[in-house]
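Each chain, written out:
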Amino acid sequence: MPELKPRYAKLAWKLLPDIWGLIKPRWGTLTIGFLLMVVNRVSGLILPGSTKYLYDDVFIKRRSDLLLPIVLLVVGATLIQGLTSFGLTQLLSKSSQRMISELRSKVQAHIGRLPLSFFDANKTGALVSRIMNDIEGVRNLIGTGLFEFVGGMITAIFALVYLLHTSAMMTGVVFAVLLIFGIVVNKAFKIIRPIFRARPKINAEVTGRLAESLGGIRVVKGYQAEERERKIFAAGGQRLLDNVLKILTATSLMSLSATGLMGLLGALIILLGARQVLSGRMSPGTFVSYTAFLGMLIAPVFQIVGIGPEITEALTGLERIREVLDEK
């Protein structure tokens, strides 16, 4: 089964029917999950939105009568957010695990029906790795991680509307910095995707060789080939280690860039916001609320760093599953 060239965009489009085949039977569950996510994200806006009234009305204007309603509103919103988060985790995590179990059984049954020539051309351990490991990554397609990212994007849209309404100038600066970071992240993913796609292949080869070596240990010992097998396994392990280290380096650089982005934006917003507060164009409470909503706008940037490799892993696993299912 030859490996395909790392053309990520074409791969994603090619796998759309397979992705839809996984989503369609769970459409009702995903719809309920989406509604819960919207409620969760809307309730999450209450706390940052309340800071404006807390600073401007309660602290500065000394309106103590508003303190209790604000606290009750925040507590109620927090309870709703917690309950919807619990429901999302239960709903989506269990659904994704059922999907993995069904898909694993489907692949195993298909492989069991293939002719002996297929097994002659593929290592047993490599096939085991495909059945057990490749399918595991597919959970990211309908798991809580992807929904958290989509939820973060919805929250970011709500936050963007508030930020534009509060200060279009400051929000324009934020957008320019985010655009630059988006270009950097896109280039980073172009580098990391082929590395991610190579890992399952290397892992399957190493696992397959190890399974055959241990399964035929009497033959290995009979020919005194222990040292040869050790060197082969060590070489495969080194390839796998090199691949993992490259992935860790790339993701670390992306995290570093995201952290630098936060620092740069924080400094810019402090500078611009302080000037607007001192000139009387913005109240202190509005500035505090602005920074809270700004955090919600930037949060998906950090989620991209985490979810990007997960989606790449899921698509890679789905591609390798499709290769097996296409065997006749």
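A closer look at the overall build of the chain
Move 1: What the chain contains, in helices and strands, is 12 helices and 0 strands.
Move 2: Taken from N to C terminus, the helices and strands of the chain fall in the order α-α-α-α-α-α-α-α-α-α-α-α.
Move 3: Over its C-alpha atoms the chain spans a radius of gyration of 26 Å, topping by over 25% the 20 Å that the globule rule assigns to 328 residues.
Move 4: The C-alpha extent of the chain, read off along each of the three principal axes, is 90 × 40 × 35 Å.
Move 5: Each of the 328 residues in the chain was classed as buried or not, and the buried ones make up 40%.
Move 6: In the chain, the proportion of contacts linking residues at least 24 apart, taken out of those at least 6 apart, comes to 88%.

Examining the pattern of salt bridges
Move 1: Enumeration over the complete set of coordinates arrives at 10 salt bridges.
Move 2: Across the pair arginine 239 and glutamate 205 runs a salt bridge whose closest N-O atoms are separated by 3.1 Å. Of the two residues, arginine 239 is situated in helix α11 (residues 226–278) and glutamate 205 in helix α9 (residues 168–215); the sequence distance between them amounts to 34 residues.
Move 3: Judged by relative accessible area, arginine 239 falls into the partly exposed class, the value being 40%.
Move 4: Exposure remark for glutamate 205: the relative accessible area of 30% places this residue in the partly exposed category.

Remarks on the confidence of the model for the chain
Move 1: When pLDDT is averaged along the chain, the result is 83; 93% of the residues meet or exceed 70.
Move 2: No element of the chain has a lower mean pLDDT than helix α1 (residues 8–14), at 56, and none a higher one than helix α4 (residues 46–60), at 91.
Move 3: Note on residues 1–9: pLDDT under 50 across the span, and 23 contacts to partners over four residues away in sequence or across chains.

Concerning a nonpolar patch on the surface
Move 1: Where nonpolar side chains cluster on the molecular surface, the patch consists of Leu67, Val71, Val75 and Leu79 and spans about 330 Å² of accessible area.
Move 2: Its place among the elements puts leucine 67 in helix α5 (residues 67–112).

Quick word on the packing of helix α7 (residues 124–134) against α9
Move 1: Contact geometry of α7 with α9 gives a least axis separation of 6 Å together with a crossing angle of 130°. Considering their axes alone, α7 and α9 lie oblique with respect to each other. When you trace α7 past α9, the crossing you get is right-handed. Residue-level inspection shows Thr124, Gly125, Ala126, Ser129, Asn133 and Asp134 of α7 in contact with α9, the latter providing Pro200, Asn203, Ala204, Thr207, Gly208, Ala211 and Glu212.

Comments concerning the nonpolar core
Move 1: Counting residues in each nonpolar core, the largest one holds 32 residues, and the members touching the most others are Val107, Val138 and Leu141.
Move 2: With 8 residues, helix α12 (residues 284–325) is the largest single contributor of residues to this core.
Move 3: Ranked by size, the runner-up nonpolar core spans 31 residues in total, among them Ala159, Phe181, Leu261 and Tyr290.

What about the packing of α5 against α7?
Move 1: Close contact between α5 and α7 brings their axes to 9 Å; oriented N to C, the two are set at 155°. Accordingly, the angle class assigned to the pair α5 and α7 is roughly antiparallel. Facing α5, whose interface residues are Arg104, Val107, Gln108 and Ile111, α7 presents Leu127, Ile131 and Met132.
Move 2: Class assignment for the residues of the contact of α5 with α7 results in 5 nonpolar, 1 polar and 1 charged.

A word on the environment of leucine 268
Move 1: Its location among the elements puts leucine 268 in helix α11.
Move 2: Residue leucine 268 is classed as partly exposed on the basis of its relative accessible area, which comes to 25%.
Move 3: Residues leucine 268 and threonine 249 lie 19 residues apart in sequence; the distance between their C-alpha atoms is 29 Å.
Move 4: Residues contacting leucine 268, with those up to four places away along its chain left out, are Val173 and Val177.

A few points about unusual backbone geometry
Move 1: Even without being a glycine, arginine 62 presents a positive backbone phi close to 60°.
Move 2: With respect to the element layout, arginine 62 can be found in the loop between α4 and α5.
Move 3: For glutamine 224, which is not a glycine, the phi torsion comes out positive at approximately 55°.
Move 4: One can find glutamine 224 in the loop between α10 (217–222) and α11.
Move 5: For glutamine 224, a relative accessible area of 69% gives the class exposed.

With respect to the packing of aromatic side chains
Move 1: In the structure shown here, the tally under the stated rule is 3 aromatic pairs.
Move 2: Pairing tyrosine 55 with phenylalanine 59 gives two aromatic rings, centres 5.3 Å apart and planes at 70°, and the pair type is edge-to-face. On the criterion of helical spacing, the pair formed by tyrosine 55 and phenylalanine 59 is a turn pair, its members being 4 residues apart in helix α4.
Move 3: A residue is classified by how much of its surface remains accessible, and tyrosine 55, at 34% relative accessible area, is partly exposed.

Quick word on the side chain of threonine 84
Move 1: Among the secondary structure elements, threonine 84 is positioned in helix α5.
Move 2: Here threonine 84 falls in the buried class, since its relative accessible area comes to 7%.
Move 3: A distance of 2.8 Å separates a polar atom in the side chain of threonine 84 from the backbone oxygen of isoleucine 80.
Move 4: With near-sequence residues (within four places) excluded, threonine 84 lies in contact with Leu36, Val39 and Asn40.

What counts as what
- Residues numbered from 1 in each chain as written.
- Predicted model: local features only at pLDDT ≥ 70, side-chain atom pairs only at ≥ 80, totals over all residues.
- Heavy atoms only, no water.
- Helix = DSSP H or I, 4+ residues; strand = E, 2+ residues; numbered from the N terminus.
- Rg over C-alpha atoms; globule rule 2.2 N^0.38 Å.
- Buried < 20%, exposed > 50% of the residue type's maximum accessible area, 1.4 Å probe, protein only.
- Contact = heavy atoms within 4.5 Å.
- Salt bridge = Lys/Arg side-chain N within 4 Å of Asp/Glu carboxyl O.
- pLDDT = per-residue confidence, 0-100.
- Patch = residues over 30% accessible without salt bridge, like charges linked within 9 Å, V, L, I, M, F, W, Y side chains within 5 Å.
- Areas by Shrake-Rupley, 256 points an atom, 1.4 Å probe, with all protein chains shown as cover.
- Axes fitted to C-alpha atoms, helices over the stretch in contact; angles between N-to-C directions.
- Parallel < 35°, antiparallel > 145°, perpendicular 65-115°, else oblique.
- Left-handed = near helix turned anticlockwise from the far one by under 90°.
- Core = buried A, V, L, I, M, F, W, Y, C linked by side-chain atoms within 4.5 Å.
- Nonpolar A, V, L, I, M, F, W, Y, C, P; charged D, E, K, R; others polar.
- Phe/Tyr/Trp six-rings, centres within 6.5 Å; stacked < 30°, edge-to-face > 60°.
- Polar contact = N/O pair within 3.5 Å; in protein donor to acceptor, adjacent residues only side chain to side chain.

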